[in-house]
Amino acid sequence: QVQLVESGGGLVQPGGSLRLSCVVSGTNFGVYAVGWYRQAAGKRRELVAHITSGGSTDYADSVKGRFTISRDNAKNTVYLQMDSLKPEDTAVYYCNRPKTIIIWNWGQGTQVTVSS
């Protein structure tokens, strides 16, 4: 069974940075595209960034130029470097497979709060 463990969230001031990590276990991580999603209070979960097995990346317009997704296949880990954070980035962040209905079971997510 695939398990996802997200970490690295916290409280940060506007303009600050955070680096999120997601460790994926129980599957052949390296062959899959992986994405970062977020869900703000009262809103639908949205895909904000994803990276293919070959390392190609894509971003939602709202985070383009501020967030960077990367992966370390040796560590079964996907990262999200978040810079120039804004209050509207406040959400619970999750990782999972992108752009498919065949997703893994969701992890617990990691809370990111951007506030002064």
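This text gives an overview of the structure that appears in the document. (Residues numbered from 1 in each chain as written. Predicted model: local features only at pLDDT ≥ 70, side-chain atom pairs only at ≥ 80, totals over all residues. Heavy atoms only, no water.)

**Some points on the sheet that holds strand β3 (residues 18-25)**
Stage number 1. Reading across the sheet, the four strands line up as β1-β3-β8-β7 and stay open at both edges, with antiparallel pairing between neighbours. The sheet terminates laterally at β1 (3-7) and β7 (67-72), the two strands that pair on one side only. Neighbouring strand axes in the sheet, compared pairwise and without regard to direction, differ in orientation by 15° on average.
Stage number 2. Looking at chain direction, β1 and β3 are connected through five bridges and run antiparallel. By the bridge assignment, Leu4 is partnered in β3 with Val24. (Pairing = 2+ DSSP bridges. Helix = DSSP H or I, 4+ residues; strand = E, 2+ residues; numbered from the N terminus. Axes fitted to C-alpha atoms, helices over the stretch in contact; angles between N-to-C directions.)

**Remarks on the state of the cysteines**
Stage number 1. Counted according to the given criterion, the structure contains one disulfide.
Stage number 2. Across a sulfur-sulfur distance of 1.7 Å, Cys22 and Cys95 are joined as a disulfide pair. Here Cys22 is found in strand β3, whereas its partner Cys95 is found in strand β9 (residues 91-96), with 73 residues between them in sequence. Each member of the pair, Cys22 as well as Cys95, is classed as buried. (Disulfide = S-S within 2.5 Å. Buried < 20%, exposed > 50% of the residue type's maximum accessible area, 1.4 Å probe, protein only.)

**Some points on the sheet that holds β9**
Backbone-to-backbone hydrogen bonds join strands into a sheet, with any given pair of strands oriented parallel or antiparallel.
Stage number 1. One open sheet accounts for six strands, arranged β2-β10-β9-β4-β5-β6; its pairing is mixed. Of all the strands in the sheet, just β2 (10-12) and β6 (57-59) have a single pairing partner and so form its edges. Neighbouring strand axes in the sheet, compared pairwise and without regard to direction, differ in orientation by 25° on average.
Stage number 2. As judged from the three bridges shared by β2 and strand β10 (residues 110-114), these two strands associate in the parallel manner. In the strand pairing of β10, Leu11 is matched with Thr113.

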